[in-house]
Amino acid sequence: MLGNEAVARAAYEAGVTVATAYPGTPSTEITECAAKYGEIYCEWAPNEKVALEVAIGASIAGARAMCAMKHVGLNVAADPLFTASYTGVCAGLVVVVADDPGQHSSQNEQDSRYYGLSAKVPVLEPSDSRECLGFVKSAFEISEAYDTPVIVRLTTRVAHSRSLVEVSDRRPFPLKPYAKNMAKYVMMPAMAKRRHIEVEKRMRRLEAYAETTELNSVESRAAGSQTGESCVAGSCAAESRAGESRAAENRVAGSRAEERPAAENQTGESQAGGSVGAARPIGVITSGMSWQYVREAAASSGIGVEILKLGLVHPLPAEKIRSFAAGRERVLVVEELAPFIEDFAKKSGAQAVGKELFPAVGELSARAVAEALAPAKRASPQPAQSGRSQSPNGQDAQLPAEPQPAQSGRAEPQAAERPQPLEQAALPSRPPVLCPGCPHRSVFYVLRKLKLNVCGDIGCYTLGAMPPLDAMDTCICMGASIGVAHGMDKARGPEFAGRTVAVIGDSTFLHSGVTGLMDVVYNKGNSTVLILDNSITGMTGHQQNPGTGYTIRSEETSRVDLEKLCEALGVRRIRTVDPFDVKGLEAAVRAETAQAEPSVIIARRPCALLKTYRPQEAVFIDAGKCARCKRCMAISCAAISDRDGRMEINAALCARCGLCLKMCAFGAIRPCAEAAGADAEGKSEGGRSRE
Amino acid sequence: MPATAAMPAAAAISILIVGVGGQGTLLASRLIGRAATERGFDVKVSEVHGMSQRGGSVVTYVKYGGEVSSPLIEPGEADILIAFELLEAARWIPYLRPGGQIVANSQKIDPMPVITGAARYPDGLAEVLREKCEGALVVDALTIATECGNARSVNMVLLGLAARFTAFGEDEWMGAIRAVAPPKALEANIRAFGRGYALSMA
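Basis of the calculations
- Along each chain, residue indices are assigned from 1 in the same order as the chain's sequence is written.
- Chains and ligands are labelled by the order in which they are written, letters from A for the one and numbers from 1 for the other.
- Only residues with pLDDT of 70 or above have their local features reported here, since the model is predicted, and side-chain atom pairs are shown and tallied only from 80 upward, although totals for entire chains, interfaces and linings are computed over all residues.
- Only hydrogens and water are set aside when side-chain values are computed; all heavy atoms of the structure are taken into account.
- Helix and strand assignments follow DSSP, with helices taken as H or I runs no shorter than four residues and strands as E runs no shorter than two, numbered in order from the N terminus.
- Accessible area is worked out with a 1.4 Å probe on protein chains only. A residue is then buried under 20% of its type maximum, exposed over 50%, and partly exposed in between.
- Whether two residues are in contact is decided by their heavy atoms: any pair within 4.5 Å suffices.
- Shrake-Rupley sampling with a 1.4 Å probe provides the accessible areas, and residues are treated as covered by the protein chains on show and by no other component.
- The convention used is that axes are lines fitted to C-alpha atoms, helices contributing only their stretch in contact, and that angles between N-to-C directions extend from 0 to 180 degrees.
- Small angles under 35 degrees read as roughly parallel and large ones over 145 as roughly antiparallel, with 65 to 115 read as roughly perpendicular and the rest as oblique.
- Crossing handedness follows the turn of the near helix against the far one: under a right angle anticlockwise gives a left-handed crossing, and clockwise gives a right-handed one.
- Throughout this entry, Asp, Glu, Lys and Arg are counted as charged residues, while Ala, Val, Leu, Ile, Met, Phe, Trp, Tyr, Cys and Pro are counted as nonpolar. The remaining residues, Gly among them, count as polar.
- Here a strand pair is declared whenever DSSP counts at least two bridges between the two strands.
- Helix span, expected: 1.5 Å multiplied by one less than the number of residues in the helix.
- Here, the arc refers to the directions that run from the helix axis to the C-beta atoms.
- Whenever Lys or Arg places a side-chain nitrogen within 4 Å of a carboxyl oxygen from Asp or Glu, that contact is recorded as a salt bridge.
- The set of buried Ala, Val, Leu, Ile, Met, Phe, Trp, Tyr and Cys residues whose side-chain atoms join them within 4.5 Å is what this entry labels a nonpolar core.
- What counts as a domain boundary in this text is fixed by an automatic or database domain assignment.
- Confidence scores per residue from the predictor, reported as pLDDT, run from 0 to 100.
- Here, the term right-handed applies to a crossover whose path from the first strand over the helix to the second runs clockwise when the strands point away from the viewer.
- The quantity reported as buried area is the accessible area (1.4 Å probe) lost by two parts once they are put together, taken as the sum for both.
- The term polar contact refers here to a pair of N or O atoms within 3.5 Å; inside protein, the definition further demands a hydrogen-donor-capable atom paired with an acceptor-capable atom, and it admits residues adjacent in sequence only when both atoms are side-chain atoms.

Asks: Hey, could you run me through the overall build of chain B in this one?
Replies: Secondary structure assignment for chain B yields eight helices and six strands. Along chain B, helices and strands appear, N-terminal first, in the series β-α-β-β-β-α-β-α-α-β-α-α-α-α. Dimensions of chain B, computed from the C-alpha atoms along their principal axes, are close to 50 × 35 × 35 Å. Here chain B, with 202 residues, has 67% of them falling under the buried criterion. In chain B, the proportion of contacts linking residues at least 24 apart, taken out of those at least 6 apart, comes to 65%. For chain B, the exposed surface amounts to about 6300 Å²; the carbon and sulfur share of it is 55%.

Asks: Sorry, what's going on with the packing of helix α1 (residues 25-38) of chain B against helix α6 (residues 154-163) of chain B here?
Replies: Helix-helix packing is characterised by the crossing angle of the two axes and by the distance between the axes. Residue and element names in this part refer to chain B. Between α1 and α6, the shortest axis-to-axis distance is 9 Å and the interhelical angle comes to 40°. In terms of orientation, α1 and α6 fall into the oblique class. Considering how the two elements wind past one another, α1 and α6 form a crossing that is right-handed. Between α1 and α6, the contacting residues are L27, A28, L31 and I32 on the first element and N155, M156 and L159 on the second. Partitioning the contact of α1 with α6 into residue classes produces six nonpolar, one polar and no charged.

Asks: Where do I start with α6 of chain B in this structure?
Replies: Along α6 of chain B, ten of the ten residues are buried, which leaves the element largely enclosed by surrounding structure. The set of residues buried in α6 of chain B consists of V154, N155, M156, V157, L158, L159, G160, L161, A162 and A163 of chain B.

Asks: It is not clear to me how the pairing of strand β21 (residues 646-649) of chain A should be interpreted in this structure. Could you clarify?
Replies: Side chains on a regular strand alternate between the two faces of the sheet. As paired strands, strand β20 (residues 640-643) of chain A and β21 of chain A are joined by four bridges and run antiparallel to one another. Across the sheet, the residue bridging to R643 of chain A is R646 of chain A, located in β21 of chain A.

Asks: So what exactly am I meant to see when it comes to the sheet that holds strand β6 (residues 150-155) of chain A here?
Replies: Two orientations exist for strands paired in a sheet by backbone hydrogen bonds: parallel and antiparallel. All names here are of chain A. Taken together, the seven strands give an open sheet; going across it, the order is β2-β1-β3-β4-β6-β5-β12, and neighbouring strands pair in mixed fashion. Looking at strand neighbours, the two that pair on one side only are β2 (41-44) and β12 (312-314), the edges of this open sheet. Across the sheet, helix α3 (residues 48-60) lies against β1 (18-21), β2, β3 (65-70) and β4 (93-99), angled at about 165° from β3, the strand it touches most. In this fold helix α7 (residues 129-146) packs onto β3, β4, β5 (123-124) and β6, with an angle of close to 160° to the strand it touches most, β6.

Asks: Any chance you could explain helix α23 (residues 582-593) of chain A here in plain terms?
Replies: Side chains that are three or four residues apart share a direction in an α-helix, a result of its 3.6 residues per turn. Residues and elements named next belong to chain A. In this model, α23 (twelve residues) spans 16 Å end to end at C-alpha, consistent with the 16 Å of a helix rising 1.5 Å per residue. Within the span of α23, buried status applies to V582, L585, E586, A588, V589, E592 and T593. Angularly, the buried residues of α23 cover 160° about the axis, an arc narrow enough to put them on a single face. Contact partners of the buried residues in α23: α18 (441-449), β15 (500-505), β16 (528-533), β17 (573-577), β18 (599-604) and α24 (659-663).

Asks: What am I meant to see in the pattern of salt bridges here?
Replies: Close approach of charged atoms lets side chains of opposite charge pair. Throughout the structure, instances matching the rule amount to 55 salt bridges over all chains. E131 of chain A is the salt-bridge partner of K309 of chain A, the closest N and O atoms lying 2.7 Å from each other. Taken as a pair, K309 of chain A in strand β11 (residues 305-310) and E131 of chain A in helix α7 lie far apart in primary sequence, 178 residues in all. Take K309 of chain A: its relative accessible area is 0%, and that puts it in the buried class. Exposure remark for E131 of chain A: the relative accessible area of 3% places this residue in the buried category. When the shortest N-O distance is used, the salt bridge between R430 of chain A and E85 of chain B registers 3.0 Å. Of this pair, R430 of chain A sits in the loop between α17 (422-425) and α18 while E85 of chain B sits in the loop between β4 (78-83) and α2 (86-91), on two different chains. Side by side, R430 of chain A and E85 of chain B carry an identical accessibility label, which is buried. What emerges from the salt-bridge pattern is a single network uniting D99, D111, R113, E125, R153 and E335 of chain A.

Asks: Can you help me understand the nonpolar core in this one?
Replies: General note: in soluble globular proteins, nonpolar side chains tend to be found buried as a group. Grouped together as the largest cluster of nonpolar side chains are 94 residues, with contacts concentrated most on L154 of chain A together with L16 of chain B. In terms of residue count, the dominant contributor to this core is α7 of chain A (eight residues). No fewer than three residues from each of domain 1 (3-210) and domain 2 (215-386) of chain A sit in this core. Excluding residues that lie within four positions of it along the chain, L154 of chain A makes contacts with N4, V7, I30, V96, V97, A98, D99, P126, C132 and A159 of chain A. Ranked by size, the runner-up nonpolar core spans 77 residues in total, among them L452, A502, L530 and I649 of chain A.

Asks: For this particular structure, what's the right way to read the sheet that holds β15 of chain A?
Replies: All names here are of chain A. Reading across the sheet, the five strands line up as β14-β15-β16-β18-β17 and stay open at both edges, with parallel pairing between neighbours. Every other strand in the sheet has two partners, leaving β14 (453-455) and β17 as the edge strands with one partner each. Adjacent strand axes in the sheet meet at a mean angle of 25°, parallel and antiparallel pairs treated alike. Examined bridge by bridge, β15 and β16 share five bridges and lie parallel to one another. Counterpart to V501 in the pairing with β16 is T528. Packing against the sheet, helix α21 (residues 506-522) makes contact with β15, β16 and β18, and its axis sits at approximately 135° to β15. Sitting on the sheet, helix α22 (residues 562-569) is in contact with β16, β17 and β18, with an inclination near 170° to β18.

Asks: Before we go on, may I ask you to explain the side chain of S69 of chain B in this structure?
Replies: By the secondary structure assignment, S69 of chain B is in the loop between β3 (57-65) and β4. Of the residues examined, S69 of chain B reaches a relative accessible area of 4% and is grouped as buried. Ignoring sequence-local partners within four residues, the contact set of S69 of chain B consists of Q292, R295 and E296 of chain A together with K44 of chain B.

Asks: Looking at this structure, I do not really get the confidence of the model for chain A. What am I missing?
Replies: In regions of low pLDDT, the predicted coordinates are not meant to be interpreted in detail. Across chain A, the average pLDDT comes to 85, with 82% of residues at or above 70. Confidence over residues 674-691 of chain A falls short of pLDDT 50; this stretch has 45 contacts with residues more than four positions distant or in other chains.

Asks: Explain the pairing of strand β5 (residues 96-105) of chain B here, please?
Replies: All names here are of chain B. For β5, the tally of buried residues reaches seven of ten residues, placing the bulk of the element in the interior. Handedness of the crossover joining β4 and β5 through α2 is recorded here as right-handed. As paired strands, β5 and strand β6 (residues 137-139) are joined by three bridges and run parallel to one another. Its bridge partner lying in β6, A104 is registered against V138.

Asks: Just checking my understanding: could you explain the domain arrangement of chain A for this structure?
Replies: Where interface size is quoted, it is often the accessible area lost as the parts come together. All names here are of chain A. For chain A, the assigned domains read domain 1 (3-210), domain 2 (215-386), domain 3 (441-604) and domain 4 (619-678). Inter-centroid distance (C-alpha atoms) of domain 1 to domain 3 is 32 Å. The interface of domain 1 with domain 3 comprises 21 residues on the first partner and 16 residues on the second. Regarding the contact of domain 1 and domain 3, the summed buried area is about 1300 Å², with carbon and sulfur atoms giving 57% of it. Among the residues domain 1 hides against domain 3, the three largest losses belong to Y22, W44 and Q107. Together they make up 40% of the total. If you look at where domain 1 meets domain 3, you find zero salt bridges. Counting every contact that joins domain 1 to domain 3 gives seven residue pairs in polar contact (both at pLDDT 80 or more). Considering only residue class, the side of domain 1 that touches domain 3 consists of eleven nonpolar, seven polar and three charged.

Quick look at the structure:
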């Protein structure tokens, strides 16, 4: 089961009845999977703030509720989170946040654990699908026991890896009675001050819980062993895993193990808690996916370690960490991104090293951990080399790296300076591109042609930044395009504004672009805003939004009318164009950027991957008529290629959208009854070529 | 001639599946995962989602064995490299362990730098693969899949080719295909798998 699927399953088993989200990689499947359980009401909210507010409302009303988002979504939802920490919950409230170390599909790699610290909310961190299921269920228990929202923090490799889980039946959670409670739920200063005191008391209780919970456990991996040393049967919840070899695993909940006689073997010794005598094995403090890397590194290197695995990463157990570290020659803290655990451990008086050995950027790997474990590498001066951080998209550092996804807003040429074996160095990269048939393609063609400054936003269309379209100047965060364009206008004046547009997708506009446009109108700006309405939330894999007219379960519902919405905000100049009417689009952009007032161009054409898409006639390039002017290449379509000066359309890739027909001034792109003739792909080299 | 990879029970087997977004690599990984689960192995499959689906380079890691911790495969670790596209096969060669097996589709899909003329699609990639792995199987899986009735069964042809290098017998594979593959394309998929399997034995 996918980690995200396991989170949804946990919600189902825990009796959750309300689940909300705004889609965002790598969290999207959580709520998509939850929507398959008829017992759970699920919704796509317009943004993460609304999603969390809905979940808070459900919790106060007595239902267990879950809200899912990606890491940057928690920035949007931070406002309700911080105060929900004060109000606490009625029924359990769990916020699942998926971080993206390595930035596989994100504009930054912020570390959500700090939100737990800052909002004074507990944070759990599972390390695989089995723990996703177990921890989310535990999170609901903690939420109710301690009257607090609980964050479950995933990372991409947890959310998007499949591993074995054991499912159980749903335990329905009957609605708790609703009772008005102003002192708890109306956060005016007088009440909020008292609630803050409660929050601090709660944190002290949670700190005590952190010392004893089985979520935080000690495991021994003996030297030279390929698997863990077998000894005391683990007492961690959900210990049993599929596969007999799991018996070799030894996880002992620290709190209980101390009651056991330290007889059988070294694990007993490890629990002695601070006794300095015979040198204790290397200690490793870790959590989440890093724990998996540590286990694998220990097995592959044969170096004996004892591991303090933290499932509850906020609040952290100071005493448990101190006693685990005491008497050891070496204690490593292994965690991705920021030194969250490490700083706490050091502050608590534990002698430990962490970011001295590991990078604060990108992902870790078992190899990086193994190198840090090996004594010879201990003083390695360049820790960053051992991480995966310099391998975007999981690429080997030796390979020509893929250009970073444009969504990150930093499509710098990279990795060229790294040493590369000869045969690898020559390989062309394969960056993500706009799909054949994509309605955004012609928009960026026009914007580039007009040499406009383009303030971009988050979505598929961020790929318009990539060459050869190369038509984007900025991309900051969801909804930022409009505000950024307005800021440029105010900084550089109307002449510059006349050469600047904001480009934002329909879902992103509804997420947080509406307020930006409101600001432009209210503050007498001049910005031209292009809303690229492809009638779906595309990048994350086709989720419905308030502009599509359908719910998460594809039920029909009312649809936001973008034209009327813009009109209501006070925009007087609103046009709707088909982006494949390239001339019309160009004329509209020219006309609206010339106006000294706010304007909106809605470029409306559905995503070509939607089931409703209707392909047109197949076309081919008539070599006799082709002047090789390469104008058809300017739209950056993956189906059109330059084969040694001969332009070709790959029929297998072509979406038959008809856009290229409009690009050709020589009539060389012509409909063909038999498109197969144009398919030169896939027939070359090798054949059945085994010896 | 590659030897059948007889594996010690304890060590995890690592299979790297690479290709271009939209080629059906995810289904292939799930199928292997299913076969491994049925055998009682611990299994981890790490997928890529999001931006990489847009025609970019995609990679899925499949690991199974007595115990699997990290879901990632690191350079020099893959026992089997299954490549849905020739350039991607070459790109991921450094991940193959010495003595590892390559199974590759000979299909070429031009990446954007090649399409725009900024780079050339390299020649002789099949030879590069055989340099690294003497018994590399490089096969026109697209044509075979099309002959079997479904161009989308490329993944089945490649799995058929790779089957011999795994712990699983033909029956186990068929069981996994029936369990995981979409029912409407089942017959074409089974034919495609069978063609690949027969080719690897030839």
